[in-house]
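Chain and residue survey
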Amino acid sequence: MLYWFFPNLIISLIGFYIGQISNSKINYSVLILIWLVLSPTNVYVLEPFFNILGMKEIPAFIHLGIDNPQMSYNALSGFLFPQGDLTNKYVWTLMLFLLIAIKLFNNSYSFFKFQKSLALTLIIPVLVVGFSNFQKNEKITPEKFNKRNINELDYYYNYTPEKVNSLKNFDYDIKQYDIQLSIENQLKSEVKIYFKDEEKGEKVFSLYHQFSVSSIKDEERKVVRFKQDKDFLKIYLDRPTKSIVINYKGSSSPFMEAKASHAYLPFYFSWYPVKSVNPAMKSVYNSNTRLSVYDTSKIKFNLKLNGNVQLMDSLGEKNNNTYQITSDSGINIIYGELKDKTINNYRVVYPITWENNIETIAKYIDKLRETFNLINQVFHKKAYKFPENIYIVPGRGANDVLPTETMWYQKNKNLFILVSPYEHHNKLTFDIMSKDISYQLVGAMTWKIQNNYTENDNIPIIFNVLTTNYINKMHKIAKEEYSEGDFWISEVYDNESKKNKKYIEEIINFISTSDDDKAARLLRRWNDLMRNKELTWYQLKNQLIKSGGNK
């Protein structure tokens, strides 16, 4: 309505007014020109024109349509209707109705009075819209969407965390969180943390760097000293303390949005202070890899969320507007332009724009479950169960290139599959997505779920490739002429030393030429070895060959 009804109404009113004041044949040409200038898709006509004039943006007063018709709808947030857009269109409509009214009752006015009324009427939009600079900056344009992603990429590309986090600073255990959360233009939170035992000294939490902490107090409401260092929050407890209250607010990551209209705050993101040695993300091949940042201990969560939103993830019982749940893998806050449906006995949450094609997910789920069972058997002796909830979340970044980035498994509960907020989809979408299931799910069910991140990012990448080849072999899937795995092996070779290339070749050859049982044991051993963050290719090669595939 905002971007189609109002522009057409405004153009129709202009046409009516011109018809009242003139009978000239040139009116048709004038109306065509006005249509090009004010039509809902006028960006294609006006943007090049104003660029020639040296202006980066179309003046919002004459820009009544969508900023970019090819990227107009965000599948998580939906259409956003900025106040400036609404004001602009109401001013246009009011101005035209006044002009038409003046013309229709012109006989009762002198020509002077008509001129005066016309001048007063035409100045309305200048007064209302001009002072706000046309409010155009409120819109989420493709440029701004990409710029937020680029800024986040730049931050982690230049992120060089010091080795300041001694394990002794994580020697505490958390019993309970009481979280009061308010999400509007920013996230605002008050978190009370109950320790299992009294704690003293320096303690470190993982907390996303854009959330600025304003105060921390202990159970006696005495101020606790603290320092934020990038994605880490350090607190200094001068005396034995059982609980602390942390207040903070800020804008969430563009990869994990948090607004009044939509939010994706997943379990693996440090949107609340978490006991974890991992920052929120790290830069890998010019892509921001999200790290698993959650406590694997069983913790009770009491969450009070201000605002009337429909959460898509069950957070347990709700008592006095407070959700209560116990979890060993964190909690999720998810809402927006999403809905759910039961398909093949599984609850599928998906963007409402996928409604016409969502039924085609049935075959995709079958392959997903089959792949899950194979990975579960090889690495976990069937300890995990296929999740009852599958989320198709528009949370993929503009520069996400690693397949492992787009799938997250919350142990025995949920599976998150990330897609682009602006992704074009049809009935073949899930057939195309199914080709990447193995690449995506291997990481989600192995080193990511175990919070294993080596300093050498290429080690898990090659692990993913070889494990995927093994899983696909079990699936009897023929290797493509040039696969995703071949691409990443080539990328790794281009970024490793000559000596390391030799070790990698030996590892690949050793596993690839092993029989199925031995290859499975070697891959399990590799997964275990990645618990060592400082693991090198040399150590990995020696350990794998030394083990010889022994159980």
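Placed above this text is the structure.
Here is a short report on the structure shown in this document. Computed from a predicted model, the values in this text were never measured in an experiment.

In terms of regular secondary structure, the protein chain is built from 14 helices and 17 strands. Residue burial in the protein chain is summarised as follows: out of 551 residues, 50% are buried. Taking as baseline every contact in the protein chain between residues at least 6 positions apart, the subset at least 24 positions apart corresponds to 71%. Carbon and sulfur atoms make up 52% of the accessible area of the protein chain, which amounts to about 27000 Å² in all.

Moving on, we come to the packing of helix α12 (residues 498–512) against helix α13 (residues 516–529). What describes two packed helices is the angle between their axes and the distance between those same axes. Put simply, α12 and α13 touch, their axes get as near as 9 Å, and they point 140 degrees apart. Comparing the axis directions of α12 and α13 gives the class oblique. Taken together, the residues of α13 that come into contact with α12 (itself represented by I507, F510 and I511) are K518, A519, L522, L523 and W526. Across the contact of α12 with α13, the residue classes tally to seven nonpolar, no polar and one charged.

What follows is about the side chain of S77. Along the chain, S77 turns up in the loop between α3 (43–52) and α4 (83–104). Every residue in contact with S77, bar those within four places of it in the chain, is listed here: S261, H262 and E337.

Before going further, it helps to examine the packing of aromatic side chains. Counted by the stated rule, this structure contains 32 aromatic pairs. Both rings, one in Y208 and one in F211, keep their centres 5.5 Å apart while their planes meet at 70 degrees; by these two values the pair is edge-to-face. The class for F211 is buried, based on a relative accessible area of 0%. When the ring of Y272 is compared with that of F301, the centres are 5.8 Å apart and the planes differ by 80 degrees; the resulting orientation is edge-to-face. Remark: F301 occurs in strand β9 (residues 299–306) and Y272 occurs in the loop between β6 (263–265) and β7 (281–284); sequence separation between them is 29 residues. For the pair Y272 and F301, a shared accessibility class is recorded, and that class is buried.

Here we come to the nonpolar core. Ranked by internal contacts, the top residues of the largest apolar core, which has 129 residues, are I183, I333, L368 and W526. Here this core takes nine residues from helix α7 (residues 361–380), the largest share from any one element. Setting aside its immediate chain neighbours within four residues, L368 contacts F386, I390, M407, L415, I417, I437 and L441. Grouped together as the second largest cluster of nonpolar side chains are 14 residues, I11, I18, L38 and L64 included.

The next subject is the sheet that holds strand β16 (residues 407–410). Across the sheet, five strands lie side by side as β13-β14-β15-β17-β16; this open sheet has mixed pairing. Of all strands in the sheet, those with a lone pairing partner are β13 (338–343) and β16, marking the two edges. Mean inter-strand twist for the sheet, computed between neighbouring axes without regard to direction, equals 20 degrees. The sheet contact formed by strand β14 (residues 346–351) and strand β15 (residues 389–393) spans three bridges and is parallel. Within the sheet, the bridge partner assigned to R347 lies in β15 and is N389. The sheet contacts of α7 involve β13, β14, β15, β16 and β17 (414–418), and relative to β14 the element is tilted by about 120 degrees. Along the sheet, helix α9 (residues 437–445) makes contact with β16 and β17, crossing β16 at roughly 40 degrees.

Turning next to the pairing of strand β1 (residues 174–183). Burial within β1 is extensive, with seven of its ten residues counted as buried. Looking at chain direction, β1 and strand β2 (residues 187–206) are connected through nine bridges and run antiparallel. The residue bridging L181 from the neighbouring strand is S189, located in β2. Counted along the chain from β1 to the antiparallel partner β2, the turn is three residues long. Inspection of the sheet shows β1 paired to β9 by seven bridges, in the parallel sense. Bridging across to β9, Q180 finds its partner in K304.

With that out of the way, let us pick up α7. Counted at 1.5 Å a residue, the expected span for α7 with its 20 residues is 28 Å, and the 26 Å between its end C-alpha atoms agrees. Of the residues making up α7, those classed as buried are I361, Y364, I365, L368, T371, F372, L374, I375, N376, V378, F379 and H380. Positive phi shows up at K381, right after α7, with a value of about 50 degrees.

Calculation criteria
- Residues numbered from 1 in each chain as written.
- Predicted model: local features only at pLDDT ≥ 70, side-chain atom pairs only at ≥ 80, totals over all residues.
- Heavy atoms only, no water.
- Helix = DSSP H or I, 4+ residues; strand = E, 2+ residues; numbered from the N terminus.
- Buried < 20%, exposed > 50% of the residue type's maximum accessible area, 1.4 Å probe, protein only.
- Contact = heavy atoms within 4.5 Å.
- Areas by Shrake-Rupley, 256 points an atom, 1.4 Å probe, with all protein chains shown as cover.
- Axes fitted to C-alpha atoms, helices over the stretch in contact; angles between N-to-C directions.
- Parallel < 35°, antiparallel > 145°, perpendicular 65-115°, else oblique.
- Nonpolar A, V, L, I, M, F, W, Y, C, P; charged D, E, K, R; others polar.
- Phe/Tyr/Trp six-rings, centres within 6.5 Å; stacked < 30°, edge-to-face > 60°.
- Core = buried A, V, L, I, M, F, W, Y, C linked by side-chain atoms within 4.5 Å.
- Pairing = 2+ DSSP bridges.
- Expected span 1.5 Å × (residues − 1).

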